[in-house]
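As a plain string of letters, each chain reads:
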Amino acid sequence: MDAHISEFCVEMQNIHKFYGHVHALKGVDLRVRRGEVCVAIGPSGSGKSTLLRCINQLESISAGRVFLKGELQGFTERDGRFHPLSKGQIATQRRLTGMVFQRFHLFPHMTALENVMEGPSHVKGWPREQARRKADELLNRVGLEGFGNRYPGQLSGGQQQRVAIARALAMEPEVMLFDEPTSALDPELVGEVLDVIKDLARSGITMVVVTHEIGFAREVGSHLVFMDQGQIVEEGHPRMMLANPQNPRTAAFLSKVL
Amino acid sequence: MASEIDNMGIGIKPVSIEKPAVTRNVVVPRHHPGRWLAIAILAVLALQIGQAVSTNPNFHWDIYSTYLFSPQVIRGVGWTLLLTVVAMTVAIVVAALLVIMRDSDNPILRSIAYGWVWFFRGTPIYTQLLFWGLFAVLFPNLSLAIPFGPEIVSVETKLIVTPAIAAILGLGFNESAYLTEIFRAGFNSLDRGQAEAAQALGMKPAKIWWRILMPQAMRVIIPPTGNETIGMLKMTSLVLAVPFTLDLTFATNAISNRLYLPIPLLLVAGTWYLAITSLLMVGQHFLERHFGKGVSVHPARME
């Protein structure tokens, strides 16, 4: 069976990922409950972004299983064999997730409003007016009322990232994925983006966030994961783990970034 | 939420409405005596050339004006325009297909696209046009049949591959090879993140091509494609090889051979080619403006 009853919104079982001979993920298990904010930290190259991209199949996995709301992602499994889904079916599965990228990746030929409307009107097939209302409402929610007619090139990095968040939210995903959402921003713009993400976290949406912002992890994270060399080295409650790391590698990393 | 944002100052519009009271520096323009001298010399030269061209009887301006709008010439202009537009349309459609095949997961489709470009770019257009003209000799009949089985329909080739069709296929297929490379460059110039962002929204591949990648690639594709279209306009003069005998160059050549006066009719042809090129450039300007949305170049969009 492809679906099983699961209390987890995201469930990753024994994920391995190879790039040629590089073993980027070495048997990672991750479970995220509905409404949880799972924060992944770790040194660069530790595999945390790769792990995130496996959730919405932007990376293919070499071994293991990814379930979203109990549904196996990317394959159907019969008699112990994996049968890949079509690109169209994978596209449909991706509607369960919304993703925010480190470098925004807004569509530069569309205005902010059109960027946010794109998903509802061209993936969900909503009528234009309905998509427009939704987009207006979301732009207000991320604090960009009145910026709808600007092109991405006319917005600051922080504003662009907030549009990108609105664009992902417009699909009403079950899980929001954030891939280092503030790493490409000028320091003074980090706050405005983090505030929007914090606000979302409090609204109860399930999130997986890869970040270098330890303060953010402590404040809004409900589950903290420390990754190193393609493995989850330690996980637990953010405040306890940050105050009192059990694994020496976690401790060494935290001593450098805190 | 709203109050937090107000506190951060992001609700404030970046453009200030009040005009600041600034006393600008008084700048005295520099003198450019060299510039004036150059203008004077060039003006004298231009006058002399103008005089030489307009008063020289060997240009036969009377013949020029007689034939500029003669029915035979106008019909040639029409055919040349038609060949250019239709051949270019064929080329764009074929190139779009080829560029999708090039990107396909299917190795057979990829090799066909590669082979097509290799062949049509690697042989001279004149040879190809001659070949299309001789197509009916190679295959006198075209038939739809079950392989090694009975024929379903059969028609004479010369009824289908007329000189006009031969010219269009010859020009269009040759051009498609060049356009494929231009289109590929356009799509390769895009950040991979654009396709990923669209995928993450749950868009299907065809929609990603059409709504996200194509409009952005157009910005890179249009200027060289404009070049190619103008090139095609002039390449139509080679259809004589098919032989196709109604285009502008053939028409003006025919008249000049009759009159033994090649120069005025070359000027007639040149005038029309220039006029059409100018028209195409206007079209290109508007296309560039449309697809330049959001990426500077379009001052009307800036505030």
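The rules behind the values
- Residues numbered from 1 in each chain as written.
- Chains lettered and ligands numbered in written order.
- Predicted model: local features only at pLDDT ≥ 70, side-chain atom pairs only at ≥ 80, totals over all residues.
- Heavy atoms only, no water.
- UniProt positions renumbered as here; feature names shortened; annotations may be inferred.
- Helix = DSSP H or I, 4+ residues; strand = E, 2+ residues; numbered from the N terminus.
- Rg over C-alpha atoms; globule rule 2.2 N^0.38 Å.
- Buried < 20%, exposed > 50% of the residue type's maximum accessible area, 1.4 Å probe, protein only.
- Pairing = 2+ DSSP bridges.
- Axes fitted to C-alpha atoms, helices over the stretch in contact; angles between N-to-C directions.
- Contact = heavy atoms within 4.5 Å.
- Phe/Tyr/Trp six-rings, centres within 6.5 Å; stacked < 30°, edge-to-face > 60°.
- Lys NZ or Arg CZ within 6 Å of the ring centre and 35° of its normal.
- pLDDT = per-residue confidence, 0-100.
- Parallel < 35°, antiparallel > 145°, perpendicular 65-115°, else oblique.
- Left-handed = near helix turned anticlockwise from the far one by under 90°.
- Nonpolar A, V, L, I, M, F, W, Y, C, P; charged D, E, K, R; others polar.
- Buried area = accessible area lost by both parts, 1.4 Å probe.
- Salt bridge = Lys/Arg side-chain N within 4 Å of Asp/Glu carboxyl O.
- Polar contact = N/O pair within 3.5 Å; in protein donor to acceptor, adjacent residues only side chain to side chain.

In the nomenclature of an unreviewed UniProt entry, chain B is known as Amino acid ABC transporter membrane protein (PAAT family) of Shinella granuli.

Chain A goes by Amino acid ABC transporter ATP-binding protein (PAAT family) in an unreviewed UniProt entry, where it is assigned to Shinella granuli. What the UniProt record of chain A gives under Sequence similarities (unreviewed entry) is the line "Belongs to the ABC transporter superfamily."

Enquirer: Looking at this structure, I do not really get the overall build of chain A. What am I missing?
Expert: Within chain A, the regular secondary structure consists of nine helices and 12 strands. Over its C-alpha atoms chain A spans a radius of gyration of 18 Å, differing by no more than 12% from the 18 Å that the globule rule assigns to 258 residues. Dimensions of chain A, computed from C-alpha atoms along their principal axes, come out at roughly 50 × 50 × 35 Å. Per-residue burial over chain A gives 58% buried out of 258 residues.

Enquirer: I keep staring at the sheet that holds strand 3 (residues 37–41) of chain A and nothing clicks. Help me out?
Expert: In sheet architecture, strand pairing relies on hydrogen bonds along the backbone and comes in two forms, parallel and antiparallel. All names here are of chain A. The strand order 8-9-10-3-11-12 describes an open sheet built from six strands, whose pairing is mixed. Each having just a single partner strand, strand 8 (97–100) and strand 12 (231–236) make up the two edges of the open sheet. Direction aside, the axes of adjacent strands within the sheet are offset by 20° on average. Direction of pairing for strand 3 relative to strand 10 (residues 206–210): parallel, over a ladder of four bridges. In the sheet register, C38 faces strand 10, and the bridge partner there is V208. Along the sheet face, helix 1 (residues 48–55) touches strand 3, strand 8, strand 9 (175–179), strand 10 and strand 11 (223–228) and points at about 150° away from the line of strand 9.

Enquirer: When you look at the packing of aromatic side chains in this model, what are you seeing that I'm missing?
Expert: For any pair of aromatic rings, the description rests on two quantities: the centre-to-centre distance and the angle between the ring planes. Evaluated as defined, the whole model comprises 16 aromatic pairs over all chains. When the centroid spacing of 5.7 Å and the interplanar angle of 70° are considered together, the rings of W132 of chain B and F173 of chain B count as edge-to-face. On the criterion of sequence distance, the pair formed by W132 of chain B in helix 6 (residues 125–133) and F173 of chain B in helix 9 (residues 163–188) is long-range, its members being 41 residues apart. Of the two residues, W132 of chain B and F173 of chain B, neither departs from the other in class, the shared state being buried. By way of ring pairs, the aromatic residues W116, F119, F120, F131, W132, F135, F139 and F173 of chain B are connected into one cluster. The ring of F8 of chain A carries the charged tip of R31 of chain A above its face, separated from the ring centre by 5.9 Å. Against the face of F107 of chain A rests R167 of chain A, its NZ or CZ located 4.5 Å from the ring centre.

Enquirer: How should I be thinking about the confidence of the model for chain B in this particular structure?
Expert: The predicted coordinates ought not to be read in detail in places where the model reports low pLDDT. Residue and element names in this part refer to chain B. Of all residues in chain B, 92% have pLDDT values of 70 or greater, and the mean over the chain is 89. Note on residues 1–7: pLDDT is under 50 here. Beyond four places in sequence and across chains, it has seven contacts. Quick note on the complex model: pTM equals 0.83, ipTM equals 0.93.

Enquirer: Explanation requested: the UniProt feature "transmembrane region" (unreviewed entry) in chain B in the structure shown.
Expert: Residue and element names in this part refer to chain B. Here, UniProt's "transmembrane region" (unreviewed entry) annotation points to residues 34–53, 73–100, 112–139, 159–179 and 261–283. Counting secondary structure, residues 34–53 comes out at 100% helix and 0% strand; the distance between its end C-alpha atoms is 29 Å. Segment residues 112–139 splits into 86% helix and 0% strand. End C-alpha atoms: 23 Å apart.

Enquirer: Would you explain the packing of helix 12 (residues 248–259) of chain B against helix 13 (residues 262–291) of chain B in this entry?
Expert: Residues and elements named next belong to chain B. Where helix 12 contacts helix 13, the two axes come as close as 8 Å, and the packing angle between them is 165°. Taken together, the axes of helix 12 and helix 13 lie roughly antiparallel to each other. Crossing hand, helix 12 versus helix 13: right-handed. Contacts from L248, T249, T252, I255, S256 and L259 in helix 12 reach P262, L265, V268, A269, W272 and Y273 in helix 13. Among the residues making up the contact of helix 12 with helix 13, the classes are represented as nine nonpolar, three polar and no charged.

Enquirer: Teacher, can you tell me more about the side chain of K134 of chain A here?
Expert: With respect to the helices and strands, K134 of chain A occurs in helix 4 (residues 128–141). If sequence neighbours within four positions are ignored, K134 of chain A has contacts with W126, A170 and E172 of chain A.

Enquirer: Where do I start with the interface of chain B and chain A in this structure?
Expert: Note on interface size: it is often stated as the accessible area lost on association of the parts. Opposite the 32 residues of chain B that make contact, chain A presents 37 residues. Both faces combined, the contact of chain B with chain A buries some 3,100 Å², and carbon together with sulfur accounts for 58% of it. At the boundary of chain B and chain A, one finds four salt bridges. Between K87 of chain A and D105 of chain B there is a salt bridge, with its nearest N and O atoms 3.1 Å apart. The interface formed by chain B and chain A includes seven residue pairs in polar contact (both at pLDDT 80 or more). For the side of chain B that touches chain A, the secondary structure elements donating two or more residues are helix 1 (2–8), helix 10 (192–200) and helix 11 (205–235) of chain B.

Enquirer: What am I meant to see in the UniProt feature "domain: ABC transporter" (unreviewed entry) in chain A here?
Expert: Under the UniProt annotation, "domain: ABC transporter" (unreviewed entry) lies at residues 10–254 of chain A. Across residues 10–254 of chain A one finds 36% helix and 28% strand; the C-alpha atoms that close the span lie 26 Å apart.

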